[in-house]
Amino acid sequence: MNLVDSDDSASSGSKKRFRSGLQIQNIEEYDDNLVNGQKSDTLGESNGSFLSKSSRLMKNFKKLESAYFLTRCRPIKSSGKPLSRHSPISSDGKESIVVTERSSVNNLASKELHNEGRQSGWINPFLEGLCKYLSFSKLKVKADLKQGDLLNSSNLVCSLSFDRDGEFFATAGVNKKIKVFECDTIINEDRDIHYPVVEMASRSKLSSICWNSYIKSQIASSNFEGVVQVWDVTRSQALTEMREHERRVWSIDFSSADPTMLASGSDDGSVKLWSINQAILFLHLGVSIGTIKAKANVCCVQFPLDSGRSLAFGSADHRIYYYDLRNLKIPLCTLIGHNKTVSDVKFVDTMNIVSASTDNTLKLWDLSMCASRVIDTPLQSFTGHINVKNFVGLSVSDGYIATGSETNEVFIYHKAFPMPALSFKFDTTDPLSGHEMGDAAQFISSVCWRSQSSTLVAANSTGNIKILEMV
């Protein structure tokens, strides 16, 4: 799927951690703890992992240094009272030149605590981020999803979504089908062809799917004709459909805090809010409970993790808008910094949001600065992947940010640093020779983390789907 800018849009888990002062363990320590049969394998693997991480450190030293100073210069919110700079006042109202030993000790102790608190306030997040950045060495393929129609030219996967327990994941795209697979079965059973446990057909090409985080059997979809549908996976049928959008719907999202609330964003320049309970009552035809009018195509919508009262969406006018849903007339905050279409937004936590754009960057924003109405300085800009034309996917988990690239690669960033932590390139296999061959026209089209794990599913523009794990 191609994206359009506002100018012409009207027409279109490892636990290993490294502490500061990294030390190489003496090889003689291994001699005491390992038997001879295991020694060479363990040493080789350990040394290889260490060299990989050391290489990453040295390669990105300048960026790490910049991130260090940026974190150090960032304002620290002080919770304690400011230290008094005035001399003690005697009982007669005059300055006393006598300072007791106790007051001197107390002042010194409070200054030390203040300085220690200030230092830990910025250094701890930096070190924690560095540990997370170095926790994994590579992305490993856990499984390839093999489908019988892989050679079909209309197999672009537009969206991936896991259910609430991470047990099943669903795929959807231009083949007009929602397919549901059991994740562990794909990983553990090596088959010639993997068949979905459920398959549901749509009348139009599908652009987005989202599993309800509370109702396990409920999944929502949007399509190129502007129709939003809610499906019952157990019965393989649509429960309700909403037809108020006038053009293609790019994105949908269920609220985690209020699982009856659904939002959709469309090429018609609107965001619509839906109540699932209301939709089912009205003879299976949904009626929106609210509409936000945008100035350009809406490409992505996202509820915060802890609230159903606010919503963020990205637009073809290069901006991200954050709304309090109790006032749909004006945004609570506008985020300005991208110079092309904002294709995706995800909440990293309750106060931080990451955005993806076809300007080749991801950006991290702090919504606690919303009092200013306009935020034009992101906390971080992530670069390394290529994205100038297509939807390439965006997913977040425990501070790790996964995105695709038009180089047919998956990139993993950590929120603390602007450069990729890991990457993995999809290669294509020639069906006749079996040889791997690159294809410059292919790109990653969707990524999705499995909840509470270091595993993610990624798909590309030919329908090639892989389950990857950070190791």
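Counting of residues starts from 1 at the beginning of each chain's written sequence and follows it residue by residue. At least 70 in pLDDT is required for a residue's local features to be given in this predicted model, at least 80 for side-chain atom pairs to be given and counted, and no such filter applies to totals for whole chains, interfaces and linings, which use all residues. Side-chain measures were taken over the full set of non-hydrogen atoms in the model, leaving aside hydrogen atoms and water.

Student: Help me out: how do you make sense of unusual backbone geometry in this one?
Tutor: Most peptide bonds take the trans form, and the phi angle of most residues other than glycine is negative. Located in the positive-phi region is Asn 360, a residue other than glycine, with phi close to 75 degrees. Under the scheme used here, helices are H or I runs from DSSP no shorter than 4 residues and strands are E runs no shorter than 2 residues, and both carry numbers assigned from the N terminus. Within the secondary structure layout, Asn 360 lies in the loop between strand E19 (352–357) and strand E20 (362–366). Residue Asn 360 is classed as partly exposed on the basis of its relative accessible area of 25%. The phi torsion at Asp 398 lies on the positive side, around 55 degrees, for a residue other than glycine. Locating Asp 398 in the fold gives a position in the loop between strand E23 (394–397) and strand E24 (400–404). For Asp 398, a relative accessible area of 57% translates into the label exposed. Partly exposed describes any residue whose relative accessible area lies between the buried limit of under 20% and the exposed limit of over 50%, with all areas from a 1.4 Å probe on protein chains only and scaled to the type maximum.

Student: What's the story with the sheet that holds E24 in this structure? I'm lost.
Tutor: As a general point, the strands of a sheet are linked pairwise by backbone hydrogen bonds and lie either parallel or antiparallel. Pairs of strands are assigned from DSSP output, requiring at least two bridges between the strands. In space, the 4 strands of this open sheet follow the order E23-E24-E25-E26, with antiparallel pairing throughout. At either margin of the open sheet sits one strand with a lone partner, and together these are E23 and strand E26 (422–425). In this sheet, neighbouring strand axes are inclined to one another by 15 degrees on average, regardless of whether the strands run parallel or antiparallel. The pairing of E24 with strand E25 (residues 409–414) spans 5 bridges and is classified as antiparallel. Its bridge partner lying in E25, Ala 402 is registered against Ile 412. To define axes, lines are fitted to C-alpha atoms, for helices over the stretch in contact only, and angles between the resulting N-to-C directions are given on a 0 to 180 degree scale.

Student: I would appreciate a short explanation of the nonpolar core in the present structure.
Tutor: Nonpolar side chains in soluble globular proteins tend to end up buried together. Counting 27 residues, the largest nonpolar core has Leu 139, Val 410, Ile 412, Phe 417, Leu 456, Leu 468 and Met 470 as its most contacted members. Of all the elements in the fold, those that place two or more residues in this core are helix H3 (61–73), helix H4 (101–133), E24, E25, E26, strand E29 (444–449), strand E30 (455–460) and strand E31 (465–470). The leading source of residues in this core is H4, at 4 residues. Definition of nonpolar core: a set of buried residues of the types Ala, Val, Leu, Ile, Met, Phe, Trp, Tyr and Cys, connected through side-chain atoms within 4.5 Å. Val 157, Phe 162, Phe 181 and Cys 183 belong to the second-largest nonpolar core, a separate cluster that totals 15 residues.

Student: What exactly am I supposed to notice about the environment of Phe 126 here?
Tutor: Within the secondary structure, Phe 126 sits in helix H4. When its relative accessible area of 11% is taken as the criterion, Phe 126 is described as buried. For this analysis, residues touch if any pair of their heavy atoms sits within 4.5 Å. Contact partners of Phe 126, with chain neighbours within four places excluded, come to Leu 64, Ala 67, Tyr 68, Thr 71 and Phe 417.

Student: How do you make sense of the side chain of His 385 when you look at a structure like this?
Tutor: With respect to the element layout, His 385 can be found in the loop between strand E22 (380–382) and E23. Contacts described as polar in this section are N or O atom pairs within 3.5 Å, which, within protein, must combine one atom able to donate a hydrogen with one able to accept it, while residues neighboring in sequence count only if both atoms come from side chains. Of note is the side chain of His 385, whose polar atom sits 2.8 Å from the side chain of Tyr 413. If we ignore the near neighbours within four places in the chain, the residues touching His 385 are Asn 360, Thr 361, Leu 362, Thr 403, Gly 404, Ser 405, Phe 411 and Tyr 413.

Student: Sorry if this is basic, but what is going on with the packing of aromatic side chains here?
Tutor: Two measures describe an aromatic ring pair: the distance that separates the ring centres and the angle between the ring planes. Classification of ring pairs rests on two measures: the distance between centres of Phe, Tyr or Trp rings, Trp counted by its six-membered ring, which must be within 6.5 Å, and the angle between planes, read as stacked under 30 degrees, edge-to-face over 60 and tilted in between. For the structure shown, the criterion picks out 12 aromatic pairs. Consider the rings of Phe 136 and Tyr 400, whose centres lie 5.8 Å apart with planes at 70 degrees: the pair is edge-to-face. Within this pair, whereas Phe 136 is found in the loop between H4 and strand E1 (139–145), its partner Tyr 400 is found in strand E24, the two being separated by 264 residues in sequence. Classification of Tyr 400 by relative accessible area gives buried; the value is 5%. Members of the aromatic cluster, connected to one another through ring pairs, are Phe 126, Tyr 133 and Phe 417. Both a distance and an angle decide whether a charge sits over a ring: NZ of Lys or CZ of Arg must be within 6 Å of the ring centre and within 35 degrees of the ring normal. In this arrangement the basic side chain of Arg 248 is found over the ring face of Phe 224, its NZ or CZ atom lying 5.1 Å from the centre. The ring of Phe 426 carries Lys 466 above its face, with NZ or CZ at 5.4 Å from the centroid.

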